[in-house]
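Topology and contacts: notes
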Amino acid sequence: MANDPTIHVEILFVSDRDEYSQNLLVTANSTVDEVLKASETAAVAKDFISGNSLCVGIWGKRVKSSAVVQEGDRIEIYRPLKADPKELRRSGRLITKGK
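Here's what I pulled together on the structure shown here. These numbers were taken from a predicted model, which means no experiment stands behind them.

What counts and what doesn't
- Residues numbered from 1 in each chain as written.
- Predicted model: local features only at pLDDT ≥ 70, side-chain atom pairs only at ≥ 80, totals over all residues.
- Heavy atoms only, no water.
- Pairing = 2+ DSSP bridges.
- Helix = DSSP H or I, 4+ residues; strand = E, 2+ residues; numbered from the N terminus.
- Axes fitted to C-alpha atoms, helices over the stretch in contact; angles between N-to-C directions.
- Contact = heavy atoms within 4.5 Å.
- Phe/Tyr/Trp six-rings, centres within 6.5 Å; stacked < 30°, edge-to-face > 60°.
- Buried < 20%, exposed > 50% of the residue type's maximum accessible area, 1.4 Å probe, protein only.
- Core = buried A, V, L, I, M, F, W, Y, C linked by side-chain atoms within 4.5 Å.

**As for the sheet that holds strand S3 (residues 55-58)**
Pairing is mixed across the open sheet formed by five strands, whose spatial order is S2-S1-S5-S3-S4. Edge positions in the open sheet fall to strand S2 (19-27) and strand S4 (61-63), since each of these has one partner strand only. Going across the sheet, the axis of each strand differs from the next one's by a mean of 35°, ignoring polarity. Helix H2 (residues 40-48) rests against strand S1 (6-14), S2 and strand S5 (74-78) of the sheet, and its axis sits at about 140° to S2.

In structure tokens:
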């Protein structure tokens, strides 16, 4: 195992006030779940998100925790929305730029 090839990945989580980012060197063919278990950023995210499972994506596309990460992947940990954007638009409380 000591000679297994490694890859670089980034873990990202954004709370209401702060951004948490961590670069990790992991074994090639690691899954998202394995990377999250090795990540301090994922531990921070769990403090903000209720429930046992984290909703994650790679480069803006939602993936399962069993997905295999590639060199340079950015694993994003998503938090639940506080309000439905469609409902905010309907009620006129959502202000969009350029419209």
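Read on, since the account is not over.
**Here we look at the packing of aromatic side chains**
By the definition in use, this model includes one aromatic pair. A centroid spacing of 6.2 Å and a plane angle of 25° characterise the contact between Phe13 and Tyr20, whose relative ring orientation is stacked.

**Quick notes on unusual backbone geometry**
A positive phi angle, near 70°, is found at Asn29, a position not held by glycine. Summarising the element assignment, Asn29 is placed in the loop between S2 and helix H1 (32-37). Under the relative-accessibility criterion, Asn29 is labelled exposed at 63%. One non-glycine residue, Trp59, lies in the positive phi region at around 50°. Of note, Trp59 is situated in the loop between S3 and S4. Trp59 sits in the partly exposed class, given a relative accessible area of 49%.

**Side note on the nonpolar core**
Counting 18 residues, the largest nonpolar core has Val35, Leu36, Val69, Ile75 and Ile77 as its most contacted members. Of all the secondary-structure elements, those providing two or more residues to this core are S1, S2, H1, H2, S3 and S5. Sort the elements by how many residues they give to this core and S1 lands first, with four residues.

**Topic: the side chain of Ser39**
For Ser39, the location among the structural elements is in the loop between H1 and H2. Ser39 gets classed as buried once you look at its relative accessible area, which sits at 6%. Those residues within four positions of Ser39 in sequence are excluded, and the remaining contacts are Ile11, Gln22 and Leu24.

**Comments concerning the side chain of Ser15**
Relative to the helices and strands, Ser15 is located in the loop between S1 and S2. Residue classification places Ser15 among the buried residues on the basis of a relative accessible area of 5%. When sequence neighbours within four positions are dropped, the list of residues in contact with Ser15 reads Tyr20, Phe48 and Arg79.

**Some words on the pairing of S5**
In this sheet, S5 lies alongside S1 in parallel orientation, the contact comprising four bridges. Bridging from a neighbouring strand, Glu10 pairs with Arg74 of S5. Pairing of S3 with S5, which is carried by four bridges, proceeds in the antiparallel orientation. The residue bridging Val56 from the neighbouring strand is Ile77, located in S5.

Geometry only, nothing functional implied.
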